[in-house]
Amino acid sequence: KRQLYALAIASANDAANGIAEHIAGDMESFARLMNLKARELGALNTNFVNAHGLPDDDHYTTAYDMGLIMIQAIKNPQFCKIFSERRYEIPPTNLQPETKFLYNKNDLLNGQCNYEGIIASKSGWTTEAQHTLVTAAERGDRKLVVVVMNSPSAKSKFEDTIALLDYGFNEFRKVRFDIASVESIVPKLDERNIVNIEVKPDEEITRLLHNSLTVDDVETNYKLLTGADAQKIKVEMSLNLKKDSSLMFKNLGDTILTFEIVERNNTEDKKESTGVGLLYYFIAGSSLFALYFIKQRRKRRRHYWNNKIY
């Protein structure tokens with residue numbers, strides 16, 4: 001825990017090395033774990049060779065990849081707590097008799113730049129990378145991640161981060177997108193005896209759109225991921241801007257939908273058939289009974305008139 005706070009607040013390289021050795025045994029093994037996780041998150045233009053981030057020809061990343069990593073990191077409440085602290089006290093140890101105080105030099109956390117909603121932030125600097133800053137902020141149900149790299153000064157990286165956060169919070173709105181019916185996505189299903197189709201997930205499909213754009217500026221595409229004869233059909237729903245825009249990425253992301261198909265079984269068909277049969281016999285029997293009653297009545301009337309005395 002102390003090493004994590006030392007890493008987050010003081011950017012302690014020795015703390016980073018200690019964490020790497022504790023988890024993986026050595027720096028090389030830990031770097032492999034970092035790279036595996038990066039690939040898993042889609043950070044395909046990143047390669048780590050150490051835990052502290054000092055320059056190396058094979059150690060590189062991009063602002064987009066750092067954003068992907070931060071998005072995953074802030075899902076952990078403990079990460080947000082550690083990477084949003086202003087200060088931390090390391091109590092005395094057997095090797096250090098005095099309390100050691102750590103003070104954060106990140107202006108978004110130490111009070112120099114007051115900004116509402118910061119939930120995690122980490123600054124960095126090397127001679128080659130210059131000033132860097134990765135920050136996450138939250139307002140209402142919206143979380144934003146901003147990555148600034150190669151800034152010429154510490155002041156500029158904080159100013160740029162705040163400007164980008166303001167842009168994300170003020171110039172975008174949440175828009176809901178409707179899901180097409182499963183029959184239109186998978187026409188082959190029309191051949192099946194379908195009773196009910198339940199669409200999952202139940203939550204709305206929403207995206208952030210720039211205020212100058214509307215739903216009509218976005219196209220929706222569907223890709224079938226499982227066979228149409230399956231009971232649960234998975235479909236990939238992708239949203240993309242119809243035209244390139246300087247205001248936001250064209251790709252708005254993909255969502256996996258699951259359609260659960262419920263079909264009428266043979267027992268239900270049999271019950272329905274039996275019900276129709278019983279109704280037929282009831283109508284036929286009633287008709288025969290009525291015909292018999294009419295014939296008997298006519299017979300009695302003929303007998304009465306034939307035996308009447310004048």
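Rules used throughout
- Residues numbered from 1 in each chain as written.
- Predicted model: local features only at pLDDT ≥ 70, side-chain atom pairs only at ≥ 80, totals over all residues.
- Heavy atoms only, no water.
- Pairing = 2+ DSSP bridges.
- Helix = DSSP H or I, 4+ residues; strand = E, 2+ residues; numbered from the N terminus.
- Axes fitted to C-alpha atoms, helices over the stretch in contact; angles between N-to-C directions.
- Contact = heavy atoms within 4.5 Å.
- Salt bridge = Lys/Arg side-chain N within 4 Å of Asp/Glu carboxyl O.
- Buried < 20%, exposed > 50% of the residue type's maximum accessible area, 1.4 Å probe, protein only.
- Polar contact = N/O pair within 3.5 Å; in protein donor to acceptor, adjacent residues only side chain to side chain.
- Patch = residues over 30% accessible without salt bridge, like charges linked within 9 Å, V, L, I, M, F, W, Y side chains within 5 Å.
- Areas by Shrake-Rupley, 256 points an atom, 1.4 Å probe, with all protein chains shown as cover.
- Lys, Arg positive; Asp, Glu negative; His and termini not counted.
- Charge placed at Lys NZ, Arg CZ, Asp CG, Glu CD.
- Parallel < 35°, antiparallel > 145°, perpendicular 65-115°, else oblique.
- Left-handed = near helix turned anticlockwise from the far one by under 90°.
- Phe/Tyr/Trp six-rings, centres within 6.5 Å; stacked < 30°, edge-to-face > 60°.
- Core = buried A, V, L, I, M, F, W, Y, C linked by side-chain atoms within 4.5 Å.
- Expected span 1.5 Å × (residues − 1).

Colleague: Is there a simple way to explain the sheet that holds strand S4 (residues 130–139) in this structure?
Modeller: Strand pairing in a sheet relies on backbone hydrogen bonds. The paired strands run either parallel or antiparallel. The strand order S3-S4-S5 describes an open sheet built from three strands, whose pairing is antiparallel. Each of the sheet's edge strands pairs with one partner strand only, and the pair in question is strand S3 (118–126) and strand S5 (142–151). For this sheet, the mean angle separating the axes of adjacent strands, direction not counted, is 5°. In terms of strand pairing, S3 meets S4 through eight bridges, oriented antiparallel. Among the inter-strand pairings, Ser123 is bridged to a residue of S4, identified as Leu133. Set on the sheet, helix H6 (residues 154–170) makes contact with S3, S4 and S5; between it and S5 the angle comes to about 150°.

Colleague: Is there a simple way to think about the pattern of salt bridges in this case?
Modeller: On inspection of all chains with the given rule, the structure shows eight salt bridges. Where Arg87 meets Glu89, a salt bridge forms, and the shortest distance between an N and an O atom there is 3.2 Å. The class for Glu89 is partly exposed, based on a relative accessible area of 38%. One salt bridge in this structure joins Glu204 and Arg176, with 3.9 Å as the shortest N-O distance. Of the two residues, Glu204 sits in the loop between strand S7 (194–200) and strand S8 (205–210) while Arg176 sits in strand S6 (residues 172–177), which places them 28 residues apart along the sequence. Its relative accessible area of 45% is what places Arg176 among the partly exposed residues. Connected through salt bridges with shared partners, the residues Arg176, Asp178 and Glu204 form a single ionic network.

Colleague: I'm lost on the environment of Thr258 in this one. Help?
Modeller: Turning to its location among the elements, Thr258 is positioned in strand S11 (residues 251–263). Put simply, Thr258 and Lys234 are 24 residues apart on the chain and 4.6 Å apart in space, counted from C-alpha to C-alpha. Polar side-chain contacts of Thr258 include one of 3.2 Å to the side chain of Lys234.

Colleague: Can you walk me through a negative patch on the surface in this structure?
Modeller: Taken together, the side chains of Asp56, Asp57, Asp58 and Glu128 make up a negatively charged region of the molecular surface. Looking at where Glu128 falls in the secondary structure, it is placed in the loop between S3 and S4.

Colleague: Help me understand the packing of helix H1 (residues 2–10) against helix H2 (residues 13–24), please; the structure alone is not making it clear to me.
Modeller: To characterise two packed helices, one gives the angle between the axes of the helices and the distance between these axes. At a minimum axis distance of 8 Å, the contact between H1 and H2 shows a crossing angle of 135°. The angle between the axes of H1 and H2 places the two elements in the oblique class. The crossing of H1 and H2 is left-handed. In contact with Gln3, Leu4, Ala6 and Leu7 of H1, H2 contributes Ala15, Ala16, Gly18 and Ile19.

Colleague: Even after reading the chapter, I still don't get the packing of aromatic side chains, so can you show me in this structure?
Modeller: Each aromatic ring pair is specified by the distance between its two centres and by the angle formed by the two planes. Across all of its chains, the model carries four aromatic pairs by this definition. Arranged with centres 4.0 Å apart and planes meeting at 0°, the rings of Tyr5 and Tyr88 form a pair that is stacked. On the criterion of sequence distance, the pair formed by Tyr5 in helix H1 and Tyr88 in strand S1 (residues 87–90) is long-range, its members being 83 residues apart. Assigned by exposure class, Tyr5 and Tyr88 land together as buried. Between Tyr64 and Phe249, the aromatic rings sit 6.3 Å apart at their centres with planes inclined by 75°, giving edge-to-face as the arrangement.

Colleague: I would appreciate a short explanation of the nonpolar core in the present structure.
Modeller: Where a protein is soluble and globular, its nonpolar side chains tend to be buried together. Counting residues in hydrophobic clusters, the biggest one holds 23 residues, and the most contacted among them are Met70, Ile74, Tyr88 and Leu102. Elements supplying a minimum of two residues to this core: H1, helix H4 (63–73), helix H5 (77–82), S1, S3 and S4. With four residues, H1 is the largest single contributor of residues to this core. Among all residues touching Met70, those that are not within four sequence positions of it are Phe79, Ala120, Ser121, Val134, Thr135, Ala136 and Val145.

Colleague: Help me out: how do you make sense of H6 in this one?
Modeller: An α-helical segment advances 3.6 residues per turn. Residues three or four places apart therefore align on the same side. The end-to-end C-alpha distance of H6, which contains 17 residues, comes to 25 Å, matching closely the 24 Å that a straight helix rising 1.5 Å per residue would cover. All of the buried residues in H6 are Ser156, Lys157, Phe158, Thr161, Ile162, Leu165, Gly168 and Phe169.

Colleague: Before we go on, may I ask you to explain helix H3 (residues 27–41) in this structure?
Modeller: In this model, H3 (15 residues) spans 21 Å end to end at C-alpha, consistent with the 21 Å of a helix rising 1.5 Å per residue. Within H3 the residues assigned to the buried category are Met27, Ser29, Phe30, Ala31, Asn35 and Ala38. Where the residues of H3 are buried, they touch H2. Its side-chain oxygen 3.2 Å from the backbone nitrogen of Glu28, Asp26 forms the N-cap of H3. Positive backbone phi, approximately 90°, marks Gly42, located one or two places after H3.

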